[in-house]
Structures are given as C-alpha cells and as structure tokens.
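# Observations on the three-dimensional arrangement
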Amino acid sequence: MLSRLGALLQEAVGAREPSIDLLEAFVEHWKGITNYYIGSTDENTPAKKTDIPWRLKQMLDILVYEERQQAAASEAGPCLEYLLQHKILETLCTLGKAEYPPGMRQQVFQFFSKVLVQVQHPLLHYFHVHRPVQKLLRLGGSAPGSLTEKEEVQFTTVLCSKIQQDPELLTYILEGKKMVSSKKIPRETTVLHREAASTRVNPAPNTASCGPWAEPTQSSAETDEPDRGPGDSNLVTSLLGLCKSKKGRVALKAQENLLLLLSLASQAAASYLVQCSPCCPTIVAHLCQLYRSLPAFLDPADIAALEGISWRLPSAPSDEASFPGKEALAAFLGWFDYCDHLILEAHTVVADALAKAVAEKLLVEILQPQLVHVSEQTLLTSTALLTAMLRQLRAPALLREAAAFLLGPDQPLPVAATDDNPPALYTHLIRHCDHLSDEISIATLRLFEELLQKPDERIIRSLVLCHLEGRPYVARGSPEPESYEDTLDLEEDPYFSDSFLDSGFQPSAKPLPAPATNSDGRTAVTEIVNSFLCLVPEEAKTSAFLEETGYDTYVHDAYGLFQECSTRVSSWGWPPGPTPLDPHEPERPFFEGFFLRMLFDRMSRILEQPYSLNLQVTSVLSRLALFPHPHIHEYLLDPYINLAPGCRSLFSVLVRVIGDLMQRIQRIPQFPGKLFLVRKQLMGQVPGEQLDHQTLLQGVVVLEEFCKELAAIAFVKFPPPGPHLSLSPLPGHV
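Position numbers for residues count from 1 along each chain, tracking the sequence in the order it is written. Local features in this predicted model are restricted to residues whose pLDDT is 70 or higher, and side-chain atom pairs enter the listing and the counts only when it is 80 or higher, whereas totals over whole chains, interfaces and linings include all residues. Hydrogens are left out, water is left out, and the side-chain values use all remaining heavy atoms of the structure.

## Concerning the overall build of the protein chain
Per the secondary structure count, the protein chain includes 30 helices and zero strands. A burial count over the protein chain gives 52% of its 734 residues as buried. Intrachain contacts of the protein chain at a sequence separation of at least 6 include 77% that bridge at least 24 residues. In short, Shrake-Rupley with a 1.4 Å probe defines the accessible areas, and a residue's cover is counted only from the protein chains shown. Per element, the accessible surface of the protein chain, about 34,600 Å² overall, is 54% carbon and sulfur. In this description a helix means any DSSP run of H or I spanning at least four residues, a strand means any run of E spanning at least two, and both kinds are numbered starting from the N terminus. Throughout this description, buried means an accessible area under 20% of the type-specific maximum (1.4 Å probe, protein chains only), exposed means over 50%, and partly exposed covers the range between. Contacts were defined at the residue level, with two residues in contact if any of their heavy atoms lie within 4.5 Å.

Written out as structure tokens, the structure reads:
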C-alpha cells in the first residue's frame, strides 16, 4: 500500500496542466468582436450590453499575462506582435469613430488607456501604435463637449505620463516623426522589428518653415495616411479642447496636462508648437473670447475685491458678495492666471511666443482702444480689469510685454516738459490720473501703483529714474555744503518748526545740530524724520488724541514694505550713494517727468480733492519713496537738498500746502473741533454727517498721516546707529 501511495504521489507531482495557447485565445476574442459586426443587425443596443467590453478586457489580460511570462526575455510576445501586425488599434479607432454600437467610442478610449498603462513594453515609438493614437486624439478633439470627455482626459493623462517618463515621446505623439536619439530601444524580432524598419521615416529634402519638424516623406507603408496640415488635431489641440469643458474636473486635468507638456518640450518640440501648431493662437483666442464675454459695466470695487482667483480654482471663494458678471469675470481672470503660469513654466520659445500673442491680441488689439476711448464707463472698466491682470501677473516674459505696452517699446529716456511725442498710451494714462472724473483718476492711479510693485527695473526707470539721472534737480556751480544751516529758508518759515523735542523723539543728552549730514553728504535721518513729523502744525494735528494712530505703527508697516521692495530690486545693481556732482558742469533744465509732475500737482490740491482720491495719491507716492535708490531718497525724502532754480521736490510741495492750510484755518470757525470730528467719522467711531469744509478737513487728516508715513519710510531706509531715536511718542505729541 505504501508503494502504491508513493507511486500515486509521484504521478500527481509529475502531472501538468494542459498548456493554454495564448495567441489562439487572443485571436478568438478579436474574431468575436469582428463577428459581432458581421452578424448583428440591432444598431440600438449599447456597447455595454454586448460582449465587446468583456472581450476587450480578455485581450488586455492576455497581453499583460504574456508580458509577465516573458519578463526575463527582451522579445515581445506573439499576442503583442499580432496586435501590431493586424493593426487592431487602428481598426478599433475606426469602430470608435463610427460609434457603433452606441458607446463604442468610450470602450475604445478605455482600451487604449489600459493598454498603454498596463503593458510595460515601449509601444509609442512604433508606427502602428502612434498613428492610431493620433487618430484617436483627432477623434476626441472633433467632438468637444461629448459624453466621452472623461475617457478622453484619462487617455491624454496616460500619454502625458508616458511623455513625462520619456520626453522624446512627444515627438511621436504630436506628429509621428522619428527623432534621432541615443536612447536604445530593445531590439525586437519578427513583426516588431520588421514593422519598425518598414515605417522608419526620413526628412524630406524640401523642408517647410517648420525646420526639423517639417512633414517627412512617407514610405509605402504610410501612403494610406493623408497629409495633415499644421492646424489638425494632435495631443496639444485635444487638450486645448478639453480645457474648455464645462466639467470642472475635466478642464482642470486637461490644463494640468497641457502645462506639463509645455514645460517638458524640447527645443525642437517647442519650435514646432510655435511655428506649426495652433497652440499659442488657440490659448490666446480663448482668453480674448472670455474678455469679450464680460459685461460692459463692472464696478471697479467689485473687480478689486475679487482676489485669489486661480486657474486651479477659477470660481469665486464665496457667493456672499455676488454681483452681475462675477462668474464671467472669475472665468477670465482664471484663464489669464493659467496663461501666466504657462508662460512662467513653459519652454522659453513657447513662453516668449505666448507672451507676445497675449500682448498683441488682448492688450494691443482689444484693451488699448478701450483705454483711450471717450466713454468714461469704458475707460473705468478697462483700467480696473488691466489692474486686476497686473495683480495676478508673475511671468517675466509677460511682464516685459505688459511694460512695453504701457510705457513704450524703447529704452526710457528723459523727456522735456514741452515734449509733444511721449509714448501715446503712457500719455493717455497720465492724463487719466488727472481726469475730470475722480473715479477714473483713482482707477488709473491704482493701475500705476500695481505697476510699481512689479519686479521690472524698466518700470521705475521709465517713470522716475531716467529724469533724476545726473541729479539735475540739485543746484550746480558751488560745492555741496556740509551744513545747510545758512542756505535754506525752511527754518524761517512760520509754519515749519525745527524743534527736535517737539517731534516726540528722545535725543541723547546733547541735542543734534540742525541739520546734520553724514560722512557721505546725506542729511542725517534724524533731521529728515523730524522735519516730516513737525511739518503739520500742532493746531492741525488730531492723531495724538486717538489710539492706535501713532508713528510706531507706520514704522512697522514701512519696515515690511521696504524689505519687500529691497528684495525685489536687489539684483538691479543700484549704487549705494548718489552720483557726485561736478561743480564745473553747467546746469541743465530739469523736468521731473510726466508721472511725478502729475503726482506733485495732485498733492498740491490735497485740500480740495475727495478723501478717496487723496488716499490713492499718497499711496502711490509712498510706493515710490520705498525704492532704495539714492536719487529717489534724496529727491522725495530729503528736505534739505539745495534745489536748482525752478525745481520742486515732494517736501517743497508739502510746505506750500501747509502754508495754504494755515491761511484757510483762519477762515474756519471751531476748526480743531470740526477736524477732530471728521477724523472720528473717517475711523467709523461716529456717524458720518456732512460738515462745512468737509473736503478740506479730510485733506488735513490725510496730510498728517502722509507726513508720518514719509517719516517712517525715511527711518527704515536709513536707521540711525544707536538709541538716538525713541519710537514711543511723548504725551501730547505724535
């Protein structure tokens, strides 16, 4: 019995399951699919209710199992060879295009995606794979908004994943061109090797303008594929179509995939995308379409309040502050943010082309006519929209184009006050800052304030620095004095006090002489701070009687803004000190430029302008004063510079405003009480009822706070060594 049991066990161990012919099973399933089309007469049965999905799954499982069985071998299995030899993928594309049975297109997209993901063998390099892939991409792109968008975006995601692993695959997927590469593809036998050799393409001797990406001469194996023009659908155009999907997840995934492709593109692929594909025109055309769909009337306050719009989340954060056109505005700003990210991360060739296209099609062709329009509503809306775009702009290439659009394409040069040919748009925008409509003036000033915060040296150079080069605002002909004690009239002004103690600072035991200079000739920061803090007379000051309006708060805020500005301009190579003056150089006429002239004119009317406009004017001037250039500091923040004849500085403008204020105060009864009440109204502490001289009183409040802000900026730009200044004000003072 033991002997028989052993024999049975030995026979059981030696027994083997009958081998399964994978190729035969694969062919049987494929024939089952083709036989369905031969024998079926019902055209309304959905594909899901037939055996086609099951047979496609069986074919996929066989391909995966076959590959695992031959993991140690470098050759492809017979089932994969059969798939390529009999052009099964191309046949499936044809069946999907016919959409018979209904839903077949969805099954085809799913099968392609799963084959490319689960089969590890490199397939996209071969003609009978990338050609049906191109056909399927055109099939998806030809039906925007179709029911297969989910499957289409999954298919493009698989392709982008393969390209991320091997960027050279973009060559094959875009147009099926063979790229000369040092990468070694496993040498295949039988059909795969013959197929690769038979479908190898050679560049045509007469190439078109697309350079190395020109349409090649096709071999006899490709004669059944018609020539395609540059505008036909490929992976990029398919993704562009999916980006416009109404389904948020589909559109977002398509945008992520397109961003990935443009960032991975090689030099040749980038050149092809720019020269021979509708990539850039399509992206910009959609941006222009979204802009044109905006309502004709949009409140600038609503536009400014709609912050945080990102292409990853283009919808508004909440619906509480809804207004007409909010969805359209969010869609436009979201797509503009996406264009900015594309330009920021794409290949340089694509980024430059896309930035130029945005500038030409959106800024020049659409926005520029609106910015110079006679309609005030058009001016207001277009200026606010341009400001919102600048707020979101991050890409250097697009910033350069925007700066050239606003300030002119040439290098900035100083202009004379009588110059009749400054940049046209620049001139219009400066005039809009002094428009009859206060709303347009405020909107345009906001535009310039946003522009000044961009990391482009040409902006500040065009607006200010080109006019200050050589320091023509300083009087020539005599050496710069070491002490300005006998050369300035400011101390003799009845409305200007040089008392150091009254400023609220605690000096050391010995008061500093006024005014003092540093070793480099600059006025000591203590003198600058003291001058601005003492500029407003005591009877016009009210902040000392209210909480949380002290000078310390301005110092804290100015420090953060100055650090941010210094970081932004750190690579611009600005000199540490002002340019030395040549006493023998003759004086030349000085013109502060259209921008500063407008700001100074506006500042001189601070007692006559609305409160909101005054806030915007002083905000722009504060932004300018923060720049760490020695000429800007000297011209805007040094009260003791020896101005050339006929010149004015920011401090001299403020002194004249104070003189005008002191004359008007005499004609306003109960001025201190009314001023204090207006300040409490502006702070929301009391109801805002209309008073006599309301505009003037509000202007005085803005003037006082602006002087403290300038003093704080001067302090953080050149802090004095040691504990010479105390930031804690004395009782009864600022």
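## Description of the packing of aromatic side chains
Each pair of aromatic rings taken from Phe, Tyr and Trp, with Trp reduced to its six-membered ring, is defined by centres within 6.5 Å and is described as stacked if the planes are under 30 degrees apart, edge-to-face if over 60, and tilted in the remaining cases. Tallying each qualifying case throughout the model produces 17 aromatic pairs. Each ring, one from Phe109 and one from Phe155, has its centre 5.8 Å from the other, and the planes form 65°; the classification is edge-to-face. Placement of Phe109 in helix α6 (residues 104-118) and of Phe155 in helix α8 (residues 149-165) is noted, with a sequence separation of 46 residues between them. Judged on exposure class, the residue Phe109 and its partner Phe155 are both buried. What links up through ring pairs into an aromatic cluster is the set Tyr473, Phe590, Phe600 and Tyr635.

## Here we look at the confidence of the model for the protein chain
Each residue carries a pLDDT score, the predictor's own confidence in it, on a scale running from 0 to 100. In the predicted model, the protein chain carries a mean pLDDT of 80, and the fraction of residues at 70 or more is 76%. The least confident element of the protein chain is helix α10 (residues 190-198), whose mean pLDDT is 38; the most confident is helix α26 (residues 611-626), at 97. Within the model, pLDDT remains below 50 along residues 14-19, and this stretch shows zero contacts once partners closer than five positions in the same chain are excluded.

## What to know about the packing of helix α12 (residues 248-264) against helix α16 (residues 326-345)
Where α12 meets α16, the closest approach of the two axes is 9 Å, and the angle between their N-to-C directions is 25°. Between α12 and α16, the angle is such that the two are roughly parallel. The two elements α12 and α16 cross, and the hand of that crossing is right-handed. Within the contact between the two elements, α12 uses Gln255, Leu258, Leu259, Leu262 and Ser263 and α16 uses Trp335, Tyr338, His341, Leu342 and Glu345. A breakdown of the residues in the contact of α12 with α16 according to their chemical character gives six nonpolar, three polar and one charged. Lines fitted to C-alpha atoms define the axes, with helix axes restricted to the stretch in contact, and inter-axis angles between N-to-C directions lie between 0 and 180 degrees. Any angle between 65 and 115 degrees counts as roughly perpendicular, while under 35 counts as roughly parallel, over 145 as roughly antiparallel, and the rest as oblique. Each crossing is labelled by how the near helix is turned from the far one, with a counterclockwise turn of less than a right angle marking it left-handed and a clockwise turn marking it right-handed. For this classification, the nonpolar set comprises Ala, Val, Leu, Ile, Met, Phe, Trp, Tyr, Cys and Pro, the charged set comprises Asp, Glu, Lys and Arg, and every other residue, Gly included, is treated as polar.

## Regarding the side chain of Ser441
One can find Ser441 in helix α21 (residues 438-452). For the purposes of these results, a polar contact is taken to be a pair of N or O atoms within 3.5 Å, where, inside protein, one atom must be able to donate a hydrogen and its partner to accept one; residues adjacent in sequence count only when each atom of the pair is a side-chain atom. Reaching out from Ser441, the side chain makes a polar contact with the backbone nitrogen of His435 at a distance of 2.9 Å. The contact partners of Ser441, leaving out residues within four places of it in the chain, are His432, Cys433, Asp434, His435, Arg602 and Leu613.

## Here's the deal with the nonpolar core
Judged by nonpolar contacts, the single largest core of 215 residues is most densely connected at Leu92, Ile460, Phe595, Met603, Leu654 and Leu703. No other element matches helix α30 (residues 694-717), which puts 15 residues into this core. When residues no more than four places from it in sequence are discounted, the contact partners of Ile460 are Leu452, Leu465, Trp572, Trp574, Leu624, Phe627 and Ile632. Buried residues of nine kinds, namely Ala, Val, Leu, Ile, Met, Phe, Trp, Tyr and Cys, make up a nonpolar core once their side-chain atoms join them within 4.5 Å.

## Some points on α16
With 20 residues, α16 should reach 28 Å at 1.5 Å per residue; the first-to-last C-alpha distance of 28 Å fits that figure. Taken across its 20 residues, α16 has 14 buried, putting it largely inside the fold. Expected span of a helix: the number of residues minus one, times 1.5 Å.

## A short note on helix α18 (residues 376-392)
Spanning 17 residues, α18 covers 25 Å between terminal C-alpha atoms, matching the ideal 24 Å at 1.5 Å per step. Among the 17 residues that make up α18, 13 are buried, leaving the element largely enclosed by the rest of the structure.

## Focus on the pattern of salt bridges
One speaks of a salt bridge when a side-chain nitrogen belonging to Lys or Arg is within 4 Å of a carboxyl oxygen belonging to Asp or Glu. As enumerated under the stated definition, the model contains 25 salt bridges in all. Across the pair Arg55 and Asp51 runs a salt bridge whose closest N-O atoms are separated by 2.9 Å. Here Arg55 falls in the buried class, since its relative accessible area comes to 17%. Classification of Asp51 by relative accessible area gives partly exposed; the value is 30%. Ionic pairing is found between Lys135 and Glu90, a salt bridge with its closest N-O pair at 3.4 Å. Note that Lys135 is positioned in helix α7 (residues 127-141) and Glu90 in helix α5 (residues 88-98), a separation of 45 residues in sequence. When salt bridges with common partners are traced through the structure, they connect Arg679, Glu704, Glu705 and Lys708 into a single cluster.

## Some points on a negative patch on the surface
Each patch is built from salt-bridge-free residues with over 30% relative accessible area, joining like charges within 9 Å and nonpolar side chains (Val, Leu, Ile, Met, Phe, Trp, Tyr) within 5 Å. Positive charges come from Lys and Arg, negative ones from Asp and Glu, while His and the chain ends are left out of the count. Charged groups are reduced to one reference atom each: NZ for lysine, CZ for arginine, CG for aspartic acid, CD for glutamic acid. On the surface, Asp299, Glu376, Asp438 and Glu439 cluster together to form a negatively charged patch. Inspection of the secondary structure assignment puts Glu376 in helix α18. Of the residues examined, Glu376 reaches a relative accessible area of 42% and is grouped as partly exposed.

## Considerations on the environment of Leu290
Inspection of the secondary structure assignment puts Leu290 in helix α14 (residues 279-292). On the basis of relative accessibility, which here comes to 15%, the residue Leu290 falls in the buried class. A C-alpha to C-alpha distance of 8.3 Å links Leu290 and Leu329, two positions 39 residues apart in sequence. Beyond its immediate chain neighbours, meaning those up to four positions away, Leu290 contacts Ala331, Phe332 and Trp335.

## Side note on unusual backbone geometry
With glycine set apart, most residues show a phi of negative sign, and most peptide bonds adopt trans. With omega at -5°, the peptide bond leading from Tyr100 into Pro101 counts as cis. Relative to the helices and strands, Pro101 resides in the loop between α5 and α6. The phi dihedral of Lys87 is positive, around 50°, even though this residue is not glycine. One non-glycine residue with positive phi stands out, namely His693, at about 60°. Residue placement: His693 occurs in the loop between α29 (671-682) and α30. Taking the relative accessible area as the measure of exposure, His693 reaches 41% and is therefore partly exposed.

## Overview of the environment of Glu43
Its place among the elements puts Glu43 in the loop between α2 (22-39) and α3 (52-69). Residue classification places Glu43 among the exposed positions, given a relative accessible area of 56%. Apart from residues no more than four positions distant in its own chain, Glu43 is found in contact with Tyr100 and Pro102.

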